[in-house]
Every structure is written in C-alpha cells, then in structure tokens.
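# Commentary on secondary and tertiary structure
The chain contents come next:
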Amino acid sequence: MSQRIVLLHATPVAMAPVHQAFKELWPEAELVNLLDDGLTIDRAKDTELTASLCERFVNFGRYAYHSGADAILATCSAFGPAIEQMAETLPVPVLKPNEAMFSEALRLGKRIGMLATFAPSVVTMEAEFAEFAQQQQSEATLKTLVVEGAIEQLRQGNAQQHNRLVAERAPELEDCDVIMLAHFSTSGALQAVSETVRNRVLTAPHSAVTALKQRMT
C-alpha cells in the first residue's frame, strides 16, 4: 500500500517543484495537495509570524492529518515555528520544507550560501539554520541574498525571468562551499544557477522528498 503524503501549500508556485521531485524520487507515494494562498498573502504583511497566523497554519495541519495523512510535508518556508507546533501535536511525521536541505548543506561545508526570493521567510529560515548548526555542533555560517522581484515574475508565469534573476545573483556566493535555493518555488532555477557557478547547489524539494522517503519506507 502506498503512503499518503499530504502537502501543505501556502502558495501555488510551490506545487510544481515538489511534484517533480516526487516524480523523480518517490513516484509510488500518494500525494494529496492542500492550498491556502491567503497564508502567504497575510504572512507578507508582517515582519514576524503572528500568533493568529501561526494558529491558522497549525489548524491547516490538523485538517491534513484528518484527511488521512501518513506524513505531512509543508512546502512554504515562512512558517517554521507553526510547523514545529504542528509536529508536536500530530501523531504522524511532519517535515519542514528546509530541514533536510539544511542538514545536507551542513554535511558539505561550513560556508553556506542561500538565495531567497520571499523576504519575510528569511528571519525564520536563518534562525532554523542556526539551530540545525548548533545541534550538529557545526561552526557553519550562512550568507543569504534576497533576489528582489523574482517571485513576482514567477507568480506572473514568467519562470524564465525568475530563473534569470536568481542566477544573476548566484556569483555573489561563489566563496561558499554550497549554495541553497531557499524555497520550493526557487528550485526551478537550479539549472540556471548551476550554469552560472561551480558550487554545489541544493534544492529544498529534492532534499525533502529524499529524507521523507528514507523515513517512511
């Protein structure tokens, strides 16, 4: 029997990348998609994740569990604390979008670069990375660049322009041991970025699917 993986999306642009990763790495998984793009709209209005928005996301996860989830994968990187609360209250595995990528990056080096396109997510992501580094007793440092205007291009259907904007900033991280593409939506720029730099480039959906499959099978 295939495992039912419920994907929690806070933006439509995260959906295709994670579906592609599952297709490549774990095609047997049964995927269920839940989307509330109002979460991203409201998250962009505040510099910090509010208590009310956190509660909304946790309730989103509870709905996912009651839909028959064997595991839950959140695809939006701006709700880290809410995902942690969700994981504490639900009896199934709950995976943050970036934890697998962070762990992989820490195995590869100490100077880590990150290309982000959704600025409100950066504070929580950097805090999560610091926590992972401390847990692994790593002295790794993180350098983050926010690529202005890229996610707006993607939302308008201009994936090629999004990828170009992300790739243009990548050479600023050439002094890093590894470069992370911060969000599921950013992973579409993998080829463009890889053609611009010699660094190892990691994407969140591929790392997440690999880690979840190992955990569930």
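A brief look at the structure comes next. (Residues numbered from 1 in each chain as written. Predicted model: local features only at pLDDT ≥ 70, side-chain atom pairs only at ≥ 80, totals over all residues. Heavy atoms only, no water.)

### Quick look at the overall build of the chain
For the chain, the count of helices and strands is ten helices and eight strands. Expected size for 217 residues packed as a compact globule is a radius of gyration near 17 Å; at 16 Å, the chain falls within 12% of this value. On the principal axes, the C-alpha backbone points of the chain span a range of 45 × 35 × 35 Å. Within the chain, the proportion of its 217 residues that are buried is 52%. (Helix = DSSP H or I, 4+ residues; strand = E, 2+ residues; numbered from the N terminus. Rg over C-alpha atoms; globule rule 2.2 N^0.38 Å. Buried < 20%, exposed > 50% of the residue type's maximum accessible area, 1.4 Å probe, protein only.)

### What to know about helix H4 (residues 80–89)
Residues of H4 that are buried: Gly-80, Ala-82, Ile-83 and Met-86. Down the axis, H4 shows its buried residues gathered within 160° of arc, on one side only. For H4, the elements touching its buried residues are strand E1 (4–9), helix H3 (51–66), strand E3 (71–74), strand E4 (94–95) and helix H6 (122–135). (Arc of directions from axis to C-beta. Contact = heavy atoms within 4.5 Å.)

### Remarks on the sheet that holds E3
Hydrogen bonds along the backbone pair up the strands of a sheet, which may run parallel or antiparallel. Strand order across the open sheet formed by four strands is E2-E1-E3-E4, with parallel pairing between neighbours. Of all strands in the sheet, those bounded by a partner on one side alone are strand E2 (30–35) and E4. Both E1 and E2 contribute to a ladder of six bridges, which runs parallel. Along E2, the bridge assignment pairs Val-6 with Val-32. Sheet contacts for H3: E1, E2 and E3; angle to E1, the most-contacted strand, approximately 155°. (Pairing = 2+ DSSP bridges. Axes fitted to C-alpha atoms, helices over the stretch in contact; angles between N-to-C directions.)

### Details of the sheet that holds strand E5 (residues 111–116)
Strand order in this open sheet of four strands is E6-E5-E7-E8, and the pairing throughout is parallel. Looking along the sheet, the strands with just one partner apiece sit at the ends: strand E6 (141–146) and strand E8 (200–203). Taken over all neighbouring pairs, the strand axes of this sheet differ in orientation by 25° on average, direction set aside. Taken together, the four bridges between strand E7 (residues 178–181) and E8 define a ladder with parallel strand orientation. Counterpart to Met-180 in the pairing with E8 is Leu-202.

### Considering the packing of aromatic side chains
What the rule picks out here adds up to five aromatic pairs. The structure contains a cluster of three or more aromatic residues connected by ring pairs, namely Phe-57, Phe-60 and Phe-79. (Phe/Tyr/Trp six-rings, centres within 6.5 Å; stacked < 30°, edge-to-face > 60°.)

### Overview of unusual backbone geometry
With a phi angle near 55°, Gln-137 is a residue other than glycine that sits in the positive phi range. With respect to the secondary-structure elements, Gln-137 resides in the loop between H6 and E6.

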